[in-house]
Amino acid sequence: MTTPSIEAVAAELQQLVGMESAAASYLVEKGHIRRFAEAIGDPNPLFSDGAAARKGPYGGIIAPPTFLRNCSPGPFSQPIRVPLARNLDGGSDWEYLEPIRPGDTITAVQRFAAVTTRQSRLGTMIIMSRETRYTNQFGKLVAIQRSHGMSY
Amino acid sequence: MPTTLYWEDVKEGQDLPPLVKKPTTQQLVKYAGASGDFYQIHYDKDFALANKLPGVILHGALKNAFLGQLMTDWIGEHGRLKRLSVQYRGMDVPGDTLTCKGRVTKKYVQEGQHCVDCEIWLENGKGEKTTPGSATVALPTRSGG
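First, a word on what this report is: a plain description of the structure on this page. (Residues numbered from 1 in each chain as written. Chains lettered and ligands numbered in written order. Predicted model: local features only at pLDDT ≥ 70, side-chain atom pairs only at ≥ 80, totals over all residues.)

1. Points about the overall build of chain A
The helix and strand tally for chain A stands at four helices and five strands. Starting at the N terminus, the α and β elements of chain A follow one another as α-β-α-α-α-β-β-β-β. Seen along its three principal axes, the alpha-carbon backbone of chain A occupies a region of about 60 × 30 × 25 Å. Taken over 152 residues, chain A has a buried fraction of 28%. Residue pairs at least 24 apart in sequence account for 72% of intrachain contacts in chain A once pairs closer than 6 positions are excluded. (Helix = DSSP H or I, 4+ residues; strand = E, 2+ residues; numbered from the N terminus. Buried ≥ 20, exposed ≤ 12 C-beta atoms within 10 Å, placed from the backbone. Contact = placed C-beta atoms within 7 Å.)

2. Re the environment of Asn-70 of chain A
Considering the arrangement of structural elements, one finds Asn-70 of chain A in the loop between helix 4 (50–54) and strand 2 (87–96). Overall, the presence of 19 C-beta atoms within 10 Å leaves Asn-70 of chain A in the partly exposed class. Here the alpha-carbon distance between Asn-70 of chain A and Asn-136 of chain A, two residues 66 residues apart in the chain, equals 14 Å. Every residue in contact with Asn-70 of chain A, bar those within four places of it in the chain, is listed here: Tyr-26 of chain A together with Ser-35 and Gly-36 of chain B.

3. Some words on the interface of chain A and chain B
With 26 residues of chain A in contact, the opposing surface of chain B contributes 28 residues. Listed by contribution, the elements that provide at least two residues to the side of chain A that touches chain B are helix 2 (30–40), helix 3 (45–48) and strand 2 of chain A. Residue contributions to the side of chain A that touches chain B peak at eight residues, all from strand 2 of chain A. Across the side of chain A that touches chain B, the residue classes tally to 10 nonpolar, nine polar and seven charged. Direction of pairing for strand 2 of chain A relative to strand 2 (residues 80–87) of chain B: antiparallel, over a ladder of five bridges. Bridge pairing in strand 2 of chain B links Trp-94 of chain A to Leu-84 of chain B. (Nonpolar A, V, L, I, M, F, W, Y, C, P; charged D, E, K, R; others polar. Pairing = 2+ DSSP bridges.)

Below, the structure is given as structure tokens:
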């Protein structure tokens, strides 16, 4: 079996642009917020100290901004398969609209937004952009993440 | 909590207080568990080496979290992080000393919000900017706006 060219892989992925994932919902637990804050090494009382956070502007604990990384969107009806060995995370652009509190239910839906190719030190790369929208149980848009993955 | 940061007290061109991080392999495992990102390049050295990496490397999203902390530490509980953008340009490895830094690029009022744009980045122990980015925050004002 021959390895397909990067251009052929990119052309095939291009067919999937615009596709939306299924929704996936998550109940945000206080212990998970605390564990996440501890894992990133952030001692901010807003994320872990209930008594201190209750006196603050949110009246209780909220999640650190990047906590939503936990809330993966549901699957795509047609899986996005990249027949390349190496994948790197290129970066993220987050827009934050509402705080996330323990007890919230967050629903994530991702749109496969774009496919481009680029020459780099590591050879030709495929760059895939995805936009994930996170809403809470009140139907409010909580955050939008635009992320870029690189495959080569 | 730190004292409140007011919009009036921010100056364009000023540096943000730096945040130093010393990630360990243990932290990468904790982050894998807490974030649900179990890609093996972040905790399995043999797997990372087989993928032509220098060893296990930091999750990009962990560096994103460090830069998020840079911002939330600076603005305090009354400020609001509106936007956080990071680009993973270079790999970072556990055992290195990483420093998150930032600088105010613009102050403005938009739709009644008192906003500040910052250029932010993460430097490795050699002073190389591996993770540049930008952020926008909204701050309280002394006049209560």
